[in-house]
Amino acid sequence: QKEVEQNSGPLSVPEGAIASLNCTYSDRGSQSFFWYRQYSGKSPELIMSIYSNGDKEDGRFTAQLNKASQYVSLLIRDSQPSDSATYLCAVKRETSYDKVIFGPGTSLSVIP
Amino acid sequence: DTGVSQDPRHKITKRGQNVTFRCDPISEHNRLYWYRQTLGQGPEFLTYFQNEAQLEKSRLLSDRFSAERPKGSFSTLEIQRTEQGDSAMYLCASSLVFPATQSGQYFGPGTRLTVT
């Protein structure tokens, strides 16, 4: 089992729709969860972080975390063509010795 | 600009040559990470530092890879005797350690390595 898995893409949604991106992780010791956006040919950009169960909203983005199910998701409301990118899920322990593990990413295409 | 910087942005080298990449993190960040990314994959962890201490090195890395962060500021990643399979984007990221709610990583633009 891979440490971090994401729903396989590519995911296509029409402009204005809600895009739902999912991520599961295997390490129950994970405490911090991040979503990164990566445009083609560019480096990842941090867009959301979440640390406790429940929802966290930031503009059009909502991150959802369920530690019992080892599941984290990202919802993008009112999707725009500029949201077309690869979305990377990352998880991290919060100990003295930890590292961030990334999932393979999900490619999102927002169709005008 | 106070973001993460990397140098060079592109490197083309012949198989068997040594290459060295540099990363300058955000100045107040004490943690620095190196990743490798190939097309269609997420970033693959290579190693990370807290201040000048190298805390972990990926088991996937061969002994041809070495990294340093001599004064807890900038870091270098060296690849000796490069192979075609080393062709990838090498990403550097930095972060705070504490508080945990501010421990997200910020990436540099990456160094694209092509081994011919």
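Residues numbered from 1 in each chain as written. Chains lettered and ligands numbered in written order. Predicted model: local features only at pLDDT ≥ 70, side-chain atom pairs only at ≥ 80, totals over all residues. Heavy atoms only, no water.

### Remarks on the sheet that holds strand 8 (residues 71–76) of chain A
Residue and element names in this part refer to chain A.
At step 1: Spatial ordering of the open sheet is given by 1-3-8-7-6, a layout of five strands whose pairing is antiparallel. Each edge of the open sheet is held by one strand with a lone partner, namely strand 1 (4–6) and strand 6 (54–58). Within the sheet, the average angular offset between the axes of one strand and its neighbour, ignoring direction, is 20 degrees.
At step 2: Taken together, the six bridges between strand 7 (residues 61–66) and strand 8 define a ladder with antiparallel strand orientation. Within strand 8, the residue paired with Gln64 across the bridge is Ser73. (Pairing = 2+ DSSP bridges. Helix = DSSP H or I, 4+ residues; strand = E, 2+ residues; numbered from the N terminus. Axes fitted to C-alpha atoms, helices over the stretch in contact; angles between N-to-C directions.)

### Some points on the sheet that holds strand 8 (residues 75–79) of chain B
Residues and elements named next belong to chain B.
At step 1: A sheet is described by the order of its strands in space; here four strands give the open sequence 1-3-8-7, paired in antiparallel fashion. Each having just a single partner strand, strand 1 (5–7) and strand 7 (65–68) make up the two edges of the open sheet. Going across the sheet, the axis of each strand differs from the next one's by a mean of 15 degrees, ignoring polarity.
At step 2: With three bridges connecting them, strand 1 and strand 3 (residues 19–24) associate as antiparallel partners.

### With respect to the state of the cysteines
At step 1: Under the criterion given, the structure shown has two disulfides over all chains.
At step 2: Paired by a disulfide, Cys23 of chain A and Cys89 of chain A hold their sulfur atoms 2.1 Å apart. Residues Cys23 of chain A and Cys89 of chain A share a disulfide whose torsion about the S-S bond is about -70 degrees; that sign makes it left-handed. Residue Cys23 of chain A is located in strand 3 (residues 19–25), and its partner Cys89 of chain A is located in strand 9 (residues 85–93); the two are separated by 66 residues in the primary sequence.
At step 3: A relative accessible area of 0% means that Cys23 of chain A is categorised as buried.
At step 4: The disulfide that involves Cys23 of chain B links it to Cys92 of chain B, with 1.8 Å between the sulfurs. Every disulfide takes its handedness from the sign of the S-S torsion; for Cys23 of chain B and Cys92 of chain B that torsion is -65 degrees, giving left-handed. Placement of the pair is Cys23 of chain B in strand 3 and Cys92 of chain B in strand 9 (residues 88–95), with a sequence separation of 69 residues. Neither residue differs from the other here; Cys23 of chain B and Cys92 of chain B are each classed as buried. (Disulfide = S-S within 2.5 Å. Buried < 20%, exposed > 50% of the residue type's maximum accessible area, 1.4 Å probe, protein only.)

Functional significance is not addressed by these values, which are geometric in nature.
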